[in-house]
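Notes for the structure review
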Amino acid sequence: ILSIIFLSPIFIVLYNSFKGKLYISRAPFALPSSETFSGIDNYLNGIEKIGFFSAFGCSMFITIGSTAAIVLFTSMTAWYITRVKSKFTTGLYYLFVFSMIVPFQMVMFTMSKIANMLSLDNPLGILVIYLGFGSGLSVFMFSGFVKSIPFEIEEAAVIDGCSPIQTFFLIVLPLLKPIAITISILNVMWIWNDYLLPTLILPSEFRTIPMAVQYLRGGYGAVDMGAMMAVLVLAIIPIVIFYLVCQKHIIEGIAAGAVKG
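For the structure given in this document, a descriptive report is provided here. (Residues numbered from 1 in each chain as written. Predicted model: local features only at pLDDT ≥ 70, side-chain atom pairs only at ≥ 80, totals over all residues. Heavy atoms only, no water.)

**Points about the overall build of the protein**
For the record, the criterion: Counting from the N terminus, the helices are the DSSP runs of H or I reaching at least four residues and the strands are the DSSP runs of E reaching at least two. Here's how the labels work: a residue is buried when its accessible area is under 20% of the maximum for its type, exposed when over 50%, partly exposed in between, all with a 1.4 Å probe on protein chains only. Computed with a 1.4 Å probe, the accessible areas rest on the Shrake-Rupley method; for each residue, only the protein chains presented here act as cover. Charged-residue counts in this description rest on Lys and Arg as positive and Asp and Glu as negative, His and the chain ends being excluded. Charged side chains are reduced to one point each, which is NZ for Lys, CZ for Arg, CG for Asp and CD for Glu.
When helices and strands are tallied, the protein shows 14 helices and 0 strands. Listing the helices and strands of the protein from first to last along the sequence gives α-α-α-α-α-α-α-α-α-α-α-α-α-α. Across its three principal directions, the C-alpha atoms of the protein cover 75 × 45 × 30 Å. Per-residue burial for the protein yields a buried fraction of 40% across its 261 residues. With an accessible surface of roughly 14600 Å², the protein has 72% of that area assigned to carbon and sulfur atoms. Of note, the protein has its 14 positive side-chain charges centred 7 Å away from the centre of its 12 negative side-chain charges.

Structure below.
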């Protein structure tokens with residue numbers, strides 16, 4: 001029963017994407033019939049109206065780049081503050097943890113002003129901003145996982161002549177694979193679907209898919225529901241595929257990272 005409840009919105013969007021836009025508002029829960037079926041017209045219309053492929057490319061670049069930066073830099077940070085015990089690293093750890101409880105709405109206007117002053121209002125600069133907002137949870141989870149790695153493994157690598165950088169990339173990072181995949185999934189789903197941050201930071205020529213979908217809204221509240229449903233289906237497909245491929249690592253990574261933390 002719960003599965004039906006959770007999946008029903010996706011099915012509603014899917015079959016409405018094949019109905020004429022006038023019939024969606026009249027009977028949103030009715031399945032397509034010979035009269036209401038529109039084929040792939042909604043998809044072609046939506047792709048053309050919002051410049052879907054340009055928005056898709058922008059979303060892919062921002063999502064992959066931000067997630068890669070978050071995983072790389074926060075794993076290194078978590079390893080350092082876990083292995084090097086000092087007042088500085090302890091304070092740094094709690095600073096990252098504290099950042100998780102600060103609502104985005106409290107800092108968004110200051111953040112957008114600073115981003116503009118530092119010329120971060122572009123697809124490359126927004127990667128830095130996502131790195132900042134995604135660091136708190138990622139460092140917390142990585143730190144918990146690093147504590148479960150026997151320190152003797154790293155000592156053996158040092159005895160064999162590995163430098164700290166080699167120890168991290170050759171020994172520690174491969175062991176972090178389960179939690180790294182979990183953090184990647186969480187951040188990919190967040191960044192891909194994020195609407196508010198790109199809207200505040202990026203100019204109109206750099207539109208992500210959530211931003212582009214809003215351009216289907218016309219004046220006086222008019223909405224091309226057919227095209228919007230079709231574009232939403234196209235936007236959902238990549239994230240669903242990514243989730244299904246990586247889902248087996250989620251529970252393993254969260255349990256190992258959060259419980260031991």
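So, next bit.
**Details of empty space enclosed by the protein**
For clarity, the threshold we go by: Points on a 1 Å grid, built from protein atoms alone, make a cavity when a 1.4 Å probe fits but cannot get out and make a pocket when they are open with protein on both sides within 12 Å along at least 5 of 7 lines; residues with an atom within 4 Å of a point are the lining residues. Grid points are joined across faces, edges and corners, and a volume is the space filled by probe spheres set on the points.
Applying the stated criterion to the full structure yields 1 cavity of 30 Å³ or more. Approximately 40 Å³ is the volume attributed to the largest cavity. For the largest cavity, the full set of lining residues is S59, I62, T63, Y130, I191, W192, D194, P198, T208 and P210. Residue assignment for the lining of the largest cavity shows that the elements contributing at least two residues are helix 4 (52-83) and helix 10 (177-193). Counting residues per element, the lining of the largest cavity draws most heavily on helix 4, at 3 residues.

**Points about the packing of aromatic side chains**
Put simply, the test is: Pairing of aromatic side chains here covers Phe, Tyr and the six-membered ring of Trp, requires ring centres within 6.5 Å, and sorts the geometry by plane angle: under 30 degrees stacked, over 60 edge-to-face, intermediate tilted.
Under the counting rule described, the total for this entry stands at 10 aromatic pairs. Measuring from centroid to centroid gives 5.4 Å for Y93 and Y94, while their planes differ by 75°, and the two rings are edge-to-face. Residue Y93 is classed as buried on the basis of its relative accessible area, which comes to 16%. Of the residues examined, Y94 reaches a relative accessible area of 54% and is grouped as exposed.

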